[in-house]
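Fold and contact review
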Amino acid sequence: MTKKNKQVFVFMGVSGCGKSAVAKQVAYDFDAAFLDGDFLHSKANIIKMRNGIPLNDDDRMPWLHLISNAAFAMSNVNNISIIICSSLKKRYRDIIRGENENVHFIYLKGSFDVIAERLAKREGHYQKANMLQSQFDTLEEPTPDEKEVYTINIEQPLAGVINDTENVIRSICHCF
């Protein structure tokens, strides 16, 4: 693949939609570079979330710019790169796009009830189930005019979500 053909896929959606589970498997299946955007949060952001305090735009801006920079760096050396980032608002997605080429968003979409049920079963993550409403309130679902966003229905078994996601990536990369 040439530089122009190298692709970055940002797995987006509210907490509990399956970003980590899907992205890790897809990265493994495609031997893709992988970055969990949560690793780029500041200590202050992590402490806020751990304490059940939702982040605001001021908290998120430096983090989003770091993700944009990571997308640029990854796209220079990897054929396929996968980044996990909630990307809840259009302007967040625009910051990540920045001047980057070949950035695509995979929107893992599910209902509040389905995601709340999944979060209730989850252990070991600093995003608390009671913060889900805040995430849905913040979420600006991608509209049809927003380019390079692909919606995956998560209200199916995990294997189906992974398969649908991999089919989208295959259709863009034309390399599998």
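The following refers to the structure shown. Here the residue numbering is sequential within each chain, running from 1 through the sequence in written order. It should be noted that, the model being predicted, local features are given only for residues of pLDDT at least 70 and side-chain atom pairs only at 80 or more, the latter also being counted only at that level, while totals for whole chains, interfaces and linings use all residues. Note: side-chain values were computed over all heavy atoms of the structure, leaving out hydrogens and water.

1. Some details on the pairing of strand 4 (residues 103-109)
Operational definition: Only protein chains enter the accessibility calculation, which uses a 1.4 Å probe. A residue is then buried if its area is under 20% of the maximum for its type, exposed if over 50%, and partly exposed in between. Here a helix means four or more residues in a row that DSSP labels H or I, a strand means two or more in a row labelled E, and each is numbered from the N terminus. DSSP bridges decide pairing: two strands pair if at least two such bridges lie between them.
Buried residues dominate strand 4, accounting for six of its seven residues. Relative to strand 4, strand 1 (residues 7-12) runs parallel, the two sharing five bridges. Bridge assignment links M12 to a residue of strand 4, and that residue is Y107. In this structure, strand 4 lies alongside strand 5 (residues 149-153), joined through five bridges in parallel fashion. Paired with I106 across the strands is Y150, a residue of strand 5.

2. A word on the nonpolar core
Threshold: Nine residue types can take part in a nonpolar core, namely buried Ala, Val, Leu, Ile, Met, Phe, Trp, Tyr and Cys, and a core is a set of them joined through side-chain atoms within 4.5 Å. Residues count as neighbours in contact if any of their non-hydrogen atoms are within 4.5 Å of one another.
Of all hydrophobic cores here, the largest spans 48 residues; its most connected members are F11 and L108. Those residues in contact with F11 that sit more than four places away from it in its chain are K19, V22, A23, V26, I82, I83, I84, C85, I106, L108, T165 and I169.

3. Thoughts on the environment of I80
Along the chain, the position of I80 falls in strand 3 (residues 80-84). Here I80 falls in the buried class, since its relative accessible area comes to 5%.

4. What to know about unusual backbone geometry
In the Ramachandran plot, D31 falls in the positive-phi region, its phi being about 50° despite a non-glycine side chain. Here D31 shows up in the loop between helix 1 (19-30) and strand 2 (33-36). Positive phi, normally seen in glycine, also occurs at S87, with a value near 45°. Relative to the helices and strands, S87 resides in the loop between strand 3 and helix 4 (90-97). Judged by its relative accessible area of 1%, S87 falls in the buried class.

Purely geometric stuff here, so don't read any function into it on its own.
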